[in-house]
There are 2 protein chains.
Amino acid sequence: MPDFRRQVPEGDNRERRVCAECGFIDYENPKVVVGSVVAAGDAVLMCRRGIEPRRGFWTLPAGYLELGETLQEGAAREAWEEAQAVIELEGILAVFSIARIGQVQVIFRAQFAGTGAPTFAAGQESLDVRLFSWDDIPWSEIAFPSVRWALNAWRSGSAVPLGLPAGNPADDPRGTGPMMRPETEGL
Amino acid sequence: MPDFRRQVPEGDNRERRVCAECGFIDYENPKVVVGSVVAAGDAVLMCRRGIEPRRGFWTLPAGYLELGETLQEGAAREAWEEAQAVIELEGILAVFSIARIGQVQVIFRAQFAGTGAPTFAAGQESLDVRLFSWDDIPWSEIAFPSVRWALNAWRSGSAVPLGLPAGNPADDPRGTGPMMRPETEGL
């Protein structure tokens, strides 16, 4: 393993982990978790975790956003990977900061795609996947506080159209359209 | 520098950069940019960039979220660092994915704190900081497309209350309150 020491790199103003052997700077950044509350009528899709932490507890289909993905792509991928569900996103339901563990969570409101009966199944990292009506949600076996927060946000806002926040403009959904000039490096 | 090779670590399903010398896995994750549209009446606060990329072009007070910060803390810090402005956040105005460069941007709607005349000044990374009324915004000298998107979102939504998305519950604004059990590691 690398021989990391904490020091302030040149031109920076914070201590970072720097490898004493090779000089590699390990910039530790907050991570983005993306997920969704997928509803079918008054029931929501939940996954029983097959991996640690919190194996056996119930969560929403969610996980780390990967490099090169939009938030929407990440939410759809996680619903497929964890619940074998093809979903249609309606908009952003909640944005949480979990500062203690360096996470930002973006939770969408979603439905099952298509017009037939919802189809889903346990993905590789899930022990079980089910649709729960509100009163049947296993509240005492929820994996993480933010799952509860997201469910409450869904419950209190489920009749409200999701207007703001704005997302990417329709002609540039991945932030890579013609408006993006070569020299541009984001904000 | 480390001798990185691309390979799939055990238990993973994607190629990562792994140091051939010490085995360090460099998980590259999307980065979070946080900023705000700070308004005083019908004017918005903008900063002329003093650093590359896009030195000399106009942007919003925004930058990378740091580890251990909430989104709200990061937005307030950036407004202070880049524009010496103390701000009050109203809510999330826009969430952008810039997939090509691995960014998620969360932009707040904000006002200057306090009741007096707005005070601001160029911070270390800014050449100039000004309040522009809509028609005076230097549209041909905007640093990044997402600055334009955020300004447009502000313009079209500035009369609308920012309801959803939900944020952290009031009793746990940093995601570290008593609901958070020791074994919890986020979603």
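If you're wondering where the values come from, they're calculated on a predicted model, not measured in any experiment. (Residues numbered from 1 in each chain as written. Chains lettered and ligands numbered in written order. Predicted model: local features only at pLDDT ≥ 70, side-chain atom pairs only at ≥ 80, totals over all residues. Heavy atoms only, no water.)

So, about the overall build of chain A. When its secondary structure is counted, chain A shows two helices and 10 strands. The secondary structure elements of chain A, listed N-terminal to C-terminal, are β-β-β-β-β-β-β-α-β-β-β-α. Considering chain A as a whole, with its 187 residues, one finds that 51% of them fall into the buried category. By element, 47% of the accessible surface of chain A is carried by carbon and sulfur atoms, the whole surface being about 8600 Å². (Helix = DSSP H or I, 4+ residues; strand = E, 2+ residues; numbered from the N terminus. Buried < 20%, exposed > 50% of the residue type's maximum accessible area, 1.4 Å probe, protein only. Areas by Shrake-Rupley, 256 points an atom, 1.4 Å probe, with all protein chains shown as cover.)

Here we come to empty space enclosed by the protein. Residues and elements named next belong to chain B. Throughout the structure, instances matching the rule amount to four cavities of 30 Å³ or more. Quantified by volume, the largest cavity comes out at close to 70 Å³. Along the wall of the largest cavity there are 11 residues; nearest its centre are Arg49, Thr59, Glu82, Glu125 and Ser126. If you tally residues by element for the lining of the largest cavity, the top one is strand β5 (residues 43-49), at three residues. Split by residue class, the lining of the largest cavity holds five nonpolar, two polar and four charged. (1 Å grid on protein atoms, 1.4 Å probe; cavity = no way out; pocket = protein on both sides within 12 Å on 5 of 7 lines; lining within 4 Å. Points joined across faces, edges and corners; volume = space filled by probe spheres on them. Nonpolar A, V, L, I, M, F, W, Y, C, P; charged D, E, K, R; others polar.)

Another aspect to go through is the sheet that holds strand β3 (residues 25-26) of chain A. Residues and elements named next belong to chain A. Spatial ordering of the open sheet is given by β1-β2-β3, a layout of three strands whose pairing is antiparallel. Every interior strand has two partners, whereas the edge strands, β1 (4-7) and β3, have only one. Strand direction decides the pairing type here: β1 and strand β2 (residues 16-19), joined by four bridges, are antiparallel. Each residue of the ladder has a partner; that of Phe4, found in β2, is Cys19. (Pairing = 2+ DSSP bridges.)

A few words on the environment of Val38(B). All names here are of chain B. For Val38, the position within the fold is in strand β4 (residues 31-40). Separated by 116 residues in the primary sequence, Val38 and Trp154 have C-alpha atoms spaced 9.7 Å apart. If near-sequence neighbours (up to four positions away) are discounted, Val38 is found in contact with Ala43, Val44, Leu45, Pro61, Ile87, Ala110, Gln111 and Phe112. (Contact = heavy atoms within 4.5 Å.)

With that settled, consider the side chain of Asn29(B). Among the structural elements, Asn29(B) can be located in the loop between β3 (25-26) and β4. Discounting residues that sit within four places of it in the chain, Asn29(B) has contacts with Lys31(A), Leu65(A) and Leu67(A).

A separate point is the sheet that holds β3(B). The strand order β1-β2-β3 (chain B) describes an open sheet built from three strands, whose pairing is antiparallel. The strands lining the two open edges of the sheet, one partner per strand, are β1 (4-7) and β3 of chain B.

For the rest of this paragraph, the subject is the pairing of β5(B). All names here are of chain B. Burial within β5 is extensive, with six of its seven residues counted as buried. Pairing of β4 with β5, which is carried by two bridges, proceeds in the antiparallel orientation. Bridge assignment links Ala40 to a residue of β5, and that residue is Ala43. The hairpin formed by β4 and β5 contains two residues between the paired strands, and Gly41 there has a positive phi angle of roughly 65°.

Another aspect to go through is the pattern of salt bridges. Here the structure, examined in full by the defined rule, presents 15 salt bridges over all chains. Among the salt bridges present, the one from Glu66(A) reaches Arg16(B), with a minimum N-O distance of 3.2 Å. One end of the pair, Glu66(A), is in the loop between β7 (62-64) and α1 (71-83); the other, Arg16(B), is in strand β2 (residues 16-19), on a second chain. Classification of Arg16(B) as buried rests on a relative accessible area of 10%. In this structure, Arg109(B) engages Glu90(B) in a salt bridge whose closest nitrogen and oxygen atoms are separated by 3.2 Å. Within this pair, whereas Arg109(B) is found in strand β9 (residues 103-112), its partner Glu90(B) is found in strand β8 (residues 87-98), the two being separated by 19 residues in sequence. (Salt bridge = Lys/Arg side-chain N within 4 Å of Asp/Glu carboxyl O.)

This brings us to the side chain of Gln105(A). All names here are of chain A. Its place among the elements puts Gln105 in strand β9 (residues 103-112). Residue Gln105 is classed as buried on the basis of its relative accessible area, which comes to 0%. A distance of 2.9 Å separates the side chain of Gln105 from the side chain of Ser146, its partner in a polar contact. (Polar contact = N/O pair within 3.5 Å; in protein donor to acceptor, adjacent residues only side chain to side chain.)

Once that is clear, we can look at unusual backbone geometry. Between Glu52(A) and Pro53(A) the backbone carries a cis peptide bond, its omega angle lying at 0°. Here Gln84(A), not a glycine, exhibits a phi torsion of approximately 50°, which is positive. With respect to the secondary-structure elements, Gln84(A) resides in the loop between α1 and β8 (87-98). Unusually for a residue other than glycine, Arg54(B) sits at a positive phi of about 65°. Examined against the element boundaries, Arg54(B) turns out to sit in the loop between β5 and β6 (58-59).

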